[in-house]
Amino acid sequence: MVEIMTERKRITVVGGVAGGASFAARMRRLDERARITLYERGEHISFANCGLPYHIGDTIKNRDDLIIQTPEKFRRRYAVEVQTRNEVVAVHPARNTIEVESNGEKREEPYDYLVLSPGSAPIRPPIPGIDDPRILTLRNIADMDRIRALVDERRAQRTVVVGGGFIGLEMAENLRHRGGEVTLIEMAKQVFAPADPEMAAVIQQHLTLNGVTLALGDAAQKFVDKKCDGIEVALQSGKTIEADAVILAIGVRPDTHFLTDSDIALTRRGAIEVDAHMRTNHKNIFAVGDAVEVVDFISGRKVHVPLAGPANRQGRIAADTIAGIESTYKATQGTAICKVFDLTVAVTGLNEKNAKTWDIPHLKSYTHGADHAGYYPGAFPLSIKILFSPDDGRLLGAQVVGKNGIDKRIDVLATALRHGLTIYDLAELELAYAPPYGSAKDPVNMAGFVAQNILEKRMPVAFAEEIASSPREDRVILDVRTRTEHENGAIEGSINIPIDELRERLGELDKAKEHLVYCQVGLRGYLATRTLLQEGFRAANLSGGYKTYSTLQTADYDSSYVSPTHESTCSSPTGEESNEDRTIVDATGRQCPGPIMQLKKAVDQCREGQEIEIRATDQGFALDVPSWCNRTQNTLMSLVNEGGVFKAIIRKGRRGDACTVPQDGDRNKTMVIFSNDLDRLMAAFIIANGAASMGSSVSLFFTFWGLNLLRKDNPPRVDKALIERMFSMMMPRGAGKTGLSKMHMGGAGTAMMKQVMKAKNVLSLESLVHQAQE
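The rules we used
- The numbers attached to residues start from 1 for each chain and follow its sequence in the written order.
- Totals for whole chains, interfaces and linings use every residue, but because this is a predicted model, local features are given only for residues with pLDDT of at least 70 and side-chain atom pairs only at 80 or more, for both listing and counting.
- With hydrogens and water set aside, each side-chain value is computed from the structure's full complement of heavy atoms.
- The secondary structure listing takes helices from DSSP runs of H or I that are at least 4 residues long and strands from runs of E that are at least 2 residues long, numbered from the N terminus.
- The buried label applies to any residue whose accessible area, calculated with a 1.4 Å probe on protein chains only, is under 20% of its type's maximum; exposed applies above 50%, and partly exposed to all values in between.
- What makes two residues a contact is simply this: any of their non-hydrogen atoms within 4.5 Å.
- Per-residue accessibility takes into account occlusion by the displayed protein chains alone, with areas from the Shrake-Rupley method and a 1.4 Å probe.
- Comment: axis = line fitted to C-alpha atoms, over the contacting stretch for helices; angle = value between 0 and 180 degrees taken between N-to-C directions.
- For classification purposes, an angle smaller than 35 degrees is called roughly parallel, one larger than 145 roughly antiparallel, one from 65 to 115 roughly perpendicular, and anything else oblique.
- Crossing handedness: left-handed means the near helix sits turned counterclockwise from the far one by under a right angle, and right-handed means the same turn made clockwise.
- When residues are grouped by polarity, Ala, Val, Leu, Ile, Met, Phe, Trp, Tyr, Cys and Pro land in nonpolar, Asp, Glu, Lys and Arg in charged, and all others, Gly among them, in polar.
- In this scheme, strands are said to pair when DSSP sees at least two bridges between them.
- With the strands aimed away from the viewer, a crossover counts as right-handed if its path from the first strand over the helix to the second runs clockwise.
- The predictor rates its confidence in each residue with pLDDT, a number between 0 and 100.
- Each reported salt bridge corresponds to a side-chain nitrogen of Lys or Arg within 4 Å of a carboxyl oxygen of Asp or Glu.
- Two aromatic rings from Phe, Tyr or Trp, using only the six-membered ring of Trp, form a pair when their centres are within 6.5 Å; if the ring planes differ by under 30 degrees the pair is stacked, by over 60 it is edge-to-face, and anything between is tilted.
- The rule is short: NZ of Lys or CZ of Arg within 6 Å of the ring centre and within 35 degrees of the ring normal puts a charge over the ring.
- To count toward a patch, a residue needs a relative accessible area above 30% and no salt bridge. Like charges then connect within 9 Å, nonpolar side chains (Val, Leu, Ile, Met, Phe, Trp, Tyr) within 5 Å.
- Neither His nor the chain termini are counted; the positive set is Lys and Arg, and the negative set is Asp and Glu.
- Working definition for charges: the position is that of NZ of Lys, CZ of Arg, CG of Asp or CD of Glu.
- Only buried residues count toward a nonpolar core. Its members are Ala, Val, Leu, Ile, Met, Phe, Trp, Tyr and Cys residues joined through side-chain atoms within 4.5 Å.
- For this quantity, the arc is that covered by the directions from the helix axis to the C-beta atoms.
- Expected span, for any helix, means 1.5 Å times one less than how many residues it has.
- As used in this structure description, the phrase polar contact means that two N or O atoms lie within 3.5 Å; if the pair is within protein, one of them must be able to donate a hydrogen and the other to accept it, and residues adjacent in sequence are counted only when both atoms belong to side chains.

## Side note on the overall build of the protein chain
Here comes step 1: Each helix and strand in the protein chain was counted, giving 21 helices and 41 strands.
Here comes step 2: A total of 774 residues make up the protein chain; the buried ones form 54% of that total.
Here comes step 3: Put simply, of all contacts in the protein chain between residues at least 6 apart along the chain, 63% involve residues at least 24 apart.
Here comes step 4: Summed over its atoms, the accessible surface of the protein chain is roughly 35300 Å², and 50% of this surface lies on carbon and sulfur atoms.

## Focus on the packing of helix α6 (residues 197-209) against helix α17 (residues 619-631)
Here comes step 1: Relative orientation of the contacting elements α6 and α17 amounts to 60 degrees, with a least axis distance of 10 Å. Regarding the angle of α6 to α17, the classification is oblique. α6 and α17 meet at a crossing whose hand is left-handed. When α6 is examined against α17, the residues Val 202, Gln 205, His 206 and Leu 209 are found in contact with a partner set consisting of Gln 619, Ala 622 and Leu 623.
Here comes step 2: Class assignment of the residues belonging to the contact of α6 with α17 gives a composition of four nonpolar, three polar and no charged.

## As for the pairing of strand β32 (residues 514-518)
Here comes step 1: For β32, the tally of buried residues reaches five of five residues, placing the bulk of the element in the interior.
Here comes step 2: Bridge count for strand β30 (residues 475-479) against β32 is five bridges, and the pairing is parallel. Bridge pairing in β32 places Leu 478 opposite Val 517.
Here comes step 3: When β32 meets strand β33 (residues 538-542), the two strands line up parallel, connected through four bridges. Bridging across to β33, Glu 514 finds its partner in Arg 538.
Here comes step 4: In this fold, the crossover linking β32 to β33 by way of helix α14 (residues 523-534) has right-handed handedness.

## Concerning the confidence of the model for the protein chain
Here comes step 1: For the protein chain, mean pLDDT is 85; residues scoring 70 or higher make up 86% of the total.
Here comes step 2: Every residue in residues 557-579 is under pLDDT 50, and counting partners more than four places away or in other chains gives 86 contacts.

## Concerning the pattern of salt bridges
Here comes step 1: Taken as a whole and judged by the stated rule, the model has 43 salt bridges.
Here comes step 2: The salt bridge involving Asp 196 is made with Lys 385; its shortest N-O contact spans 2.8 Å. Of this pair, Asp 196 sits in the loop between β13 (181-186) and α6 while Lys 385 sits in strand β27 (residues 381-388); the two residues are 189 residues apart in sequence, bridging distant segments of the chain.
Here comes step 3: Given the relative accessible area of 1%, Asp 196 is considered buried.
Here comes step 4: We note a salt bridge from Glu 501 to Arg 505, for which the minimum N-O separation is 2.8 Å.
Here comes step 5: Look at Glu 501 and you get partly exposed, because its relative accessible area is 23%.

## Overview of the sheet that holds strand β29 (residues 461-462)
Here comes step 1: Taken together, the five strands give an open sheet; going across it, the order is β29-β33-β32-β30-β31, and neighbouring strands pair in parallel fashion. Looking at which strands have only one partner, the edges of the open sheet turn out to be β29 and β31 (495-496).

## Let's talk about the packing of aromatic side chains
Where two aromatic rings form a pair, the distance of their centres and the angle of their planes describe that pair.
Here comes step 1: Scanning the model with the defined rule gives five aromatic pairs in all.
Here comes step 2: Aromatic side chains Phe 166 and Phe 192 sit 5.2 Å apart centroid to centroid with 75 degrees between the ring planes, which places their arrangement in the edge-to-face category. Taken as a pair, Phe 166 in helix α5 (residues 166-177) and Phe 192 in the loop between β13 and α6 lie far apart in primary sequence, 26 residues in all.
Here comes step 3: For Phe 166, a relative accessible area of 26% puts it in the partly exposed group.
Here comes step 4: Residue classification places Phe 192 among the buried residues on the basis of a relative accessible area of 1%.
Here comes step 5: Taken together, the ring pairs connect Tyr 518, Tyr 546 and Tyr 549 into an aromatic cluster.
Here comes step 6: If you follow Lys 364 out to its NZ or CZ, it ends over the ring of Phe 463, 4.5 Å from the centre.
Here comes step 7: Note that Lys 403 overlies the ring of Phe 380, its terminal NZ or CZ placed 4.6 Å from the centroid.

## Comments concerning the sheet that holds strand β16 (residues 231-235)
Here comes step 1: Across the sheet, which stays open at both edges, the three strands sit in the order β15-β16-β17 with antiparallel pairing between neighbours. The sheet is open, and its two edges are formed by β15 (220-225) and β17 (240-243), each paired on a single side. Strand-to-strand twist in this sheet, taken as the mean axis angle between neighbours without regard to direction, amounts to 25 degrees.
Here comes step 2: Sheet analysis places β16 next to β17, joined by four bridges and oriented antiparallel. Bridging from a neighbouring strand, Glu 232 pairs with Glu 242 of β17.

## With respect to a positive patch on the surface
Here comes step 1: On the surface, Lys 73, Arg 75, Arg 76 and Arg 77 cluster together into a patch of positive charge.
Here comes step 2: Tracing the sequence through the fold places Lys 73 in helix α3 (residues 71-78).

## Quick word on the side chain of Gln 314
Here comes step 1: Structurally, Gln 314 can be placed in helix α7 (residues 308-322).
Here comes step 2: Judged by relative accessible area, Gln 314 falls into the buried class, the value being 2%.
Here comes step 3: In contact with Gln 314, not counting residues within four places along its chain, are Met 278, Val 288, Gly 289, Val 292, Val 294 and Tyr 329.

## So, the pairing of strand β8 (residues 105-110)
Here comes step 1: Summarising the sheet, strand β7 (residues 97-102) and β8 pair through six bridges and their orientation is antiparallel. Counterpart to Glu 99 in the pairing with β8 is Glu 108.
Here comes step 2: Taking the residues between adjacent antiparallel strands as the criterion, β7 and β8 are bridged by two residues, where Asn 103 takes a positive phi near 55 degrees.

## Some thoughts on the nonpolar core
The tendency in soluble globular proteins is for nonpolar side chains to be buried as a group.
Here comes step 1: Within the largest apolar cluster, 45 residues are counted, with the highest numbers of intra-cluster contacts made by Phe 23, Val 91, Leu 116 and Ile 272.
Here comes step 2: No other element matches helix α1 (residues 17-30), which puts six residues into this core.
Here comes step 3: Leave out the neighbours within four places in its chain, and Ile 272 touches Leu 116, Thr 256, Leu 259, Ile 264, Ala 265, Leu 266, Thr 280, Ala 287, Ala 291, Val 292 and Glu 293.

## Details of a nonpolar patch on the surface
Here comes step 1: On the surface, a cluster of nonpolar side chains totalling about 350 Å² of accessible area is made up of Tyr 375, Tyr 376 and Tyr 433.
Here comes step 2: Structurally, the position occupied by Tyr 375 is in the loop between β26 (363-370) and β27.
Here comes step 3: On the accessibility criterion, Tyr 375 (54% relative accessible area) is exposed.

## A short note on the environment of Gly 594
Here comes step 1: With respect to the helices and strands, Gly 594 occurs in helix α16 (residues 594-604).
Here comes step 2: A relative accessible area of 5% means that Gly 594 is categorised as buried.
Here comes step 3: As a C-alpha pair, Gly 594 and Glu 485 span 109 residues in sequence and 8.6 Å in three-dimensional space.

## As for unusual backbone geometry
Excluding glycine, a negative phi dihedral is what most residues carry, and trans is how most peptide bonds are arranged.
Here comes step 1: Positioned with a positive phi, Ala 331 is a non-glycine residue whose angle comes to about 75 degrees.
Here comes step 2: Of note, Asp 359 is a non-glycine position whose phi angle comes to about 60 degrees, a positive value.
Here comes step 3: Structurally, the position occupied by Asp 359 is in the loop between α8 (352-357) and β26.
Here comes step 4: Taking relative accessible area as the criterion, Asp 359 reaches 66% and is therefore assigned exposed.

## Side note on helix α21 (residues 765-773)
Here comes step 1: Restricting attention to buried positions, one finds in α21 the residues Leu 765, Leu 768 and Val 769. The arc that holds the buried residues of α21, viewed along the axis, is 100 degrees, so those residues lie on one side.

## Notes on helix α4 (residues 141-152)
Here comes step 1: Along its twelve residues, α4 runs 16 Å from first to last C-alpha, staying within 8% of the 16 Å computed at 1.5 Å per residue.
Here comes step 2: Listing the buried residues of α4 in full gives Ile 141, Asp 143, Met 144, Ile 147, Arg 148, Leu 150 and Val 151.
Here comes step 3: Check the buried side of α4 and you find it contacts β3 (46-47), α2 (52-56), β11 (135-136), α5 and β18 (245-248).
Here comes step 4: If you check the start of α4, you find a side-chain oxygen 3.2 Å away from the backbone N of Ala 142, and it comes from Asn 140.
Here comes step 5: Looking one or two places after α4, you find Arg 154, whose phi comes out positive at around 60 degrees.

Written out as structure tokens, the structure is:
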């Protein structure tokens, strides 16, 4: 069969990249005779905009690798007339023309069909000082070149990133890769808005572990030019941050200002309204990509979802429609994935925030496992949250966080959601298994199993937010983990009966009360709940266990360091090897406190002064090990992240009251403040300020006694028990109230020491703390 094209259509495309360039290439394949003209106001028509942060971070070495098609190559291959540095400034549908501006001159060009792909533009709110040339956005190659030049020339050693979305997270990571100090400001109380807070909290912890300072629930209020000293970023909270450069990544808006007077239908946010064929309210005008409004796959609502995948498909559909091929765009489910240092977060479909806002009935479940079989080396934690219909179990949304295999799981879940599969289908999916790649029961299967038990009411469940928001006198919170696990971190007010002792100790429980049961991730809690239900108790299992609960406690996160306690039900081999000087413990694949428990076992078997080197893949270990060392009177010698594996060296026994912990080489230091004694705090802050003045990034961890340094003179009123009030009265309140560890002499020794320090021009502790904060 030979196709003969007789009509010579004049097709004009406004904008390239994902939508416009995809349309032009598909259109040429369908119609060899069409006259296709593509107008692009910039220099490049087809570049990998998602790769821009990674060239700034030097992960993508070659700048030219980001340029997918040059105008010359595109013109030769597809016979498309490409006109770069030509900006379309108006559209006149009544006379089928566009107005083009180039080199200061305007002209009108006719079309038979018009395809709009103007994309989106970064939001620049009217904040005082925002026009400073050191306040940048990242949209195209030229923006990338400007930011990269600042980093290469070492004129951007301190960077503030405003916005915790895709671009903000990627920029924070890549600027840290280049050795800079990075503060990320986000107005919401979480980063990565497509995920729910408790899932995003894992990413927030990881950002902190990698040296990114977070200021969540805060916003830039003013930018002040400090000339050679950079830019002062004033926040709504009253805090100020000094920076050499600011990256605005607040979000994007449809770049449709040139359509305002065109009679092309726009939404209130400026997005172009289109039908399923990508046609606007004018039959010969189409629109694709970031500038259009689409239908949400689950809710049926109109939404604006600027993603590259949908833009490519929309360009193809518009070309099919113009060529006479029946083709429709079948809504957007918002599948997205983001790398944050060694972790990955991915989403598809509905999240719980939108489900509540839009009043969509739903159930949810949390499951925690590993990316592959725990007994095979290198297993990393992986967490899944799914939403499903309470009527038939149809999958509504999914979120996955972990290190490896996240893309694999979210793609399976996205495919299931697109085709209307249920949680029963998830349980029955036959997925590839071998120990290096997965488990016989893949995490996706496990999510299905757990959801199935919830839907069929075989496992009554409760959720972490219920415990935090509504304590009840008629409820017993029962921890069925081991005693050691309970001691390492537990829900306040819970009682501990290990799962293996539960049947023998049922008499200790009151059948008149409801029992909320929890373990680490939910499995032992499920077993205990089934036992209690069959013995006549009222019981519910905490979905996601203590791991989800402790993560939720960090969801209201600010720039201070948060160290939640995690633990695990994993039963991998310990993998210890010893030599005369150091014991090596391999705890990779275990979730915390599995590594902590192995560390304790190794420490118990060592002699005083011997070192233990432990490797773990759960970031909870990195958060917990400093406080564990303090609590157990051992010394943390170092803590480093090597490709997602945290390696700590611990010396048995106490060596001192402050420990310097190098991270990411020699530039970053961590100090653990164990004491509330003036002389020890002075030593710690002198060392910390000295390290900072030498160019190191210094983090300070304050344990129970050390926290007295940060106490306020006039704190907000908090209801406390009698013993808590007694502790408050006995402990010092702030730097000015601290005393000497020796020869305090009721305050006289401390006063004399302060007088000598002043005479010798030694800064006071209050001044040292203020200097450290600055």
